[in-house]
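The chain contents come next:
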Amino acid sequence: MGKPHKTDGANGSNGLIFVVQRHQATHLHYDFRLEMNGVLKSWAIPKGPSMSPSDRRLAVMVEDHPLYYAGFEGIIAEGNYGAGTVEIWDHGTWQPDNKLESPLQALRNGSLEFTLNGEKIKGKFVLVKMEHSRTENAWLLIKRHDQYAVSGDYDGERPTKYYKTASH
Ligand code: MN
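Residues numbered from 1 in each chain as written. Predicted model: local features only at pLDDT ≥ 70, side-chain atom pairs only at ≥ 80, totals over all residues. Heavy atoms only, no water.

Draft legend 1. The arrangement of the packing of aromatic side chains in detail. Considering all chains together, one arrives at eight aromatic pairs under this definition. With a centroid separation of 6.1 Å and an interplanar angle of 35°, the aromatic rings of F32 and F114 are classed as tilted. In this pair, F32 is assigned in strand β2 (residues 28-36) and F114 in strand β7 (residues 111-118), connecting sequence segments 82 residues apart. With respect to class, F32 is no different from F114; both count as buried. When the centroid spacing of 6.1 Å and the interplanar angle of 90° are considered together, the rings of W94 and F114 count as edge-to-face. Placement of the pair is W94 in strand β6 (residues 84-96) and F114 in strand β7, with a sequence separation of 20 residues. Following the ring pairs from residue to residue traces out a cluster consisting of F18, F32, W43, W94, F114, F125 and W139. (Phe/Tyr/Trp six-rings, centres within 6.5 Å; stacked < 30°, edge-to-face > 60°. Helix = DSSP H or I, 4+ residues; strand = E, 2+ residues; numbered from the N terminus. Buried < 20%, exposed > 50% of the residue type's maximum accessible area, 1.4 Å probe, protein only.)

In structure tokens, the structure reads:
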């Protein structure tokens, strides 16, 4: 008797995608996007995701993006919204971990538990809505403790090649 094949997404076999796009606009940020119900739910993370559970990374929820945008990298021309350079910083698949709620319901309830299977960021995370913040749509992206978590400051995965881009 064989065990049923496990398709929980942790090995990339389940097709929900995520992407992190490093966006050097007026202010550097990382656009974190999760496929959900046919769109990309999106957050702008000024410091980028962290693999350290002691970091609580501000993640400002922004408008949904179409799925095809997950493949975008390049230059957004001057004069357009978000003008600057976009590069794919990480991508992979994700899996919702809330047991009793759909991912959309979990978002409405302000706490989405999930597992990422990317190249740089992996394992369990939570996005938590901040109830009392002066920033609108403020969430926190926090790494859960698991075998992928690292301790201390997490800055090592941030590429530097665009840091010296001249401002306009
Ligand atoms: Mn952006």
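Let's pick the thread back up.
Draft legend 2. Focus on the pairing of strand β8 (residues 122-129). Note that β7 and β8 share seven bridges and pair antiparallel. When the bridges of β8 are listed, T115 appears paired with K124. (Pairing = 2+ DSSP bridges.)

Draft legend 3. Region of the structure containing the confidence of the model for the chain. Across the chain, the average pLDDT comes to 86, with 82% of residues at 70 or higher. Within the model, the stretch residues 1-13 combines pLDDT values under 50 with 16 contacts to residues more than four positions away or in other chains. Contacts of residues 158-168 to residues separated by more than four positions or lying in other chains number 18 contacts, the stretch itself having pLDDT below 50. (pLDDT = per-residue confidence, 0-100. Contact = heavy atoms within 4.5 Å.)

Draft legend 4. Geometry of the environment of E119. Structurally, E119 can be placed in the loop between β7 and β8. Exposure remark for E119: the relative accessible area of 62% places this residue in the exposed category. The spatial distance from the C-alpha of E119 to the C-alpha of G92 is 7.0 Å, given a sequence separation of 27 residues. Beyond its immediate sequence surroundings of up to four residues, E119 is in contact with D90 and H91.

Draft legend 5. Broad picture of the nonpolar core. Ranked by internal contacts, the top residues of the largest apolar core, which has 23 residues, are F32, L34, F114, L116, I121 and L127. Put simply, the parts of the chain that give this core at least two residues each are β1 (17-24), β2, β3 (39-45), β6, α1 (103-108), β7, β8 and β9 (138-143). Top element by residues in this core is β2. It accounts for five residues. Leave out the neighbours within four places in its chain, and L34 touches I17, F18, V39, L40, K41, W43, W94, L112, L116 and L127. Membership of the second largest hydrophobic core comes to six residues, among which are V19, A70, I76 and V86. (Core = buried A, V, L, I, M, F, W, Y, C linked by side-chain atoms within 4.5 Å.)

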